[in-house]
Amino acid sequence: MSDTTPTNPDSTQPPVTPAEAGVEVALGQTTAPAGQLTIVGVREGAFGVQGSGDTSGFGGLVEPIVMPGPTPRPYGGWFDEVADELGLALADHDLPMTSAIEKVVVDRGEITFFVRREHLPVVAGALRDEPSLRFEMCMGVSGVHYPHEAGRELHAVYHLQSITHHRRIRLEVTCPEGDARIPSIVSIYPTNDWHERETYDFFGIVFEDHPHLTRILMPDDWPGHPQRKDYPLGGIPVEYKGAEIPPPDLRREYS
């Protein structure tokens, strides 16, 4: 009997990265084909906390941060009609659709137009004013922070609703952390006033030409923007004999 250890025929294969290992899981959470997925990073542990003596098992989580990629035409249903009408409306402004729209993503039965930030006011105005589109209502803007998505770490997301045609779409605009500026659309959708202030307050996106861009919840002299992923989870000072609440990863120790 030979004491030679059998060789694994697959041992010459390169190791699978955590991101690749989790793509199958991501595929089960989206309707986009595998070829249309974009991995922008890998999330490790619970809430990004590491080395805290966690015994729950959540500290060992490894999950890819996967975003659906561009969707090819046809998009299906009324999505194609909206895309066509938007293209015609932008042509009236001498703005090609390919210049204004970075990509279109259809996922989970919803359509998202990724708009290049410098063209956001023209696109928003066309969506509101064109009779065949008539997205009269903007439900607000919210921020998202993807620290690993180099050059486009900050996203502003707008949900538009057409009361006339009973339709909803989403606009998404990206900008880098080093130049976190996006044109304001308060002049087009006045109700976005406080929403843009909140997104500025929590994510640090400066909405240019906003009539009065100030913090809305945090004090004016508050350092940083609390909903960014890299914002420290440090302790909270308490006005009682110098007490302080420790950071979440230091509130409990395991022996």
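Scroll up to find the structure.
None of these values were measured; they are calculated from a predicted model. (Residues numbered from 1 in each chain as written. Predicted model: local features only at pLDDT ≥ 70, side-chain atom pairs only at ≥ 80, totals over all residues. Heavy atoms only, no water.)

Caption draft 1: Focus on the overall build of the protein. Within the protein, the secondary structure is distributed over six helices and eleven strands. Sorting the 255 residues of the protein into buried and exposed places 38% on the buried side. Sequence-distant contacts, at least 24 apart, represent 54% of the contacts inside the protein between residues at least 6 apart. Total accessible area computed for the protein in this model is approximately 15,300 Å², and 54% of it derives from carbon and sulfur atoms. (Helix = DSSP H or I, 4+ residues; strand = E, 2+ residues; numbered from the N terminus. Buried < 20%, exposed > 50% of the residue type's maximum accessible area, 1.4 Å probe, protein only. Contact = heavy atoms within 4.5 Å. Areas by Shrake-Rupley, 256 points an atom, 1.4 Å probe, with all protein chains shown as cover.)

Caption draft 2: Spatial organisation of the packing of aromatic side chains. For the structure shown, the criterion picks out one aromatic pair. Between W78 and F79, the ring centres sit 4.6 Å apart and the planes meet at 80°, which makes this aromatic pair edge-to-face. Its guanidinium or amino end placed over the ring of F114, K103 lies 4.6 Å from that ring's centre, counting from NZ or CZ. (Phe/Tyr/Trp six-rings, centres within 6.5 Å; stacked < 30°, edge-to-face > 60°. Lys NZ or Arg CZ within 6 Å of the ring centre and 35° of its normal.)

Caption draft 3: Structural detail: the sheet that holds strand β6 (residues 154–162). In spatial order, the strands read β3-β4-β7-β6-β5; together these five strands make up an open sheet with mixed pairing. In the strand order of this sheet, the two ends are held by β3 (101–107) and β5 (137–145), each with one partner. Pairs of neighbouring strands in the sheet enclose a mean axial angle of 20°, with direction left out of account. Direction of pairing for strand β4 (residues 110–115) relative to strand β7 (residues 167–175): parallel, over a ladder of three bridges. Looking at β7, one finds that T112 is bridged to R170. Most of the contacts of helix α5 (residues 120–129) go to β7, to which it runs at about 175°, and overall it touches β3, β4, β6 and β7. Here helix α6 (residues 193–203) sits on the sheet in contact with β5 and β6, set at roughly 5° to β5. (Pairing = 2+ DSSP bridges. Axes fitted to C-alpha atoms, helices over the stretch in contact; angles between N-to-C directions.)

Caption draft 4: Fine view of the side chain of R170. Checked against the element boundaries, R170 lands in strand β7. On the basis of relative accessibility, which here comes to 18%, the residue R170 falls in the buried class. Polar side-chain contacts of R170 include one of 2.5 Å to the side chain of E110. A polar contact is formed between the side chain of R170 and the side chain of T112, at a distance of 2.7 Å. Look past the residues within four positions of R170 in its chain and what remains in contact with it is E110, I111, T112, F113, V157, Y158 and H159. (Polar contact = N/O pair within 3.5 Å; in protein donor to acceptor, adjacent residues only side chain to side chain.)

Caption draft 5: Layout of the nonpolar core. Residues L86, F113, L127, Y158, L171 and I182 are the most contacted members of the largest nonpolar core, which totals 42 residues. Contributing elements (two or more residues each) for this core: α3 (79–91), β3, β4, α5, β5, β6, β7 and α6. Counting residues per element, this core draws most heavily on α3, which supplies six residues. (Core = buried A, V, L, I, M, F, W, Y, C linked by side-chain atoms within 4.5 Å.)

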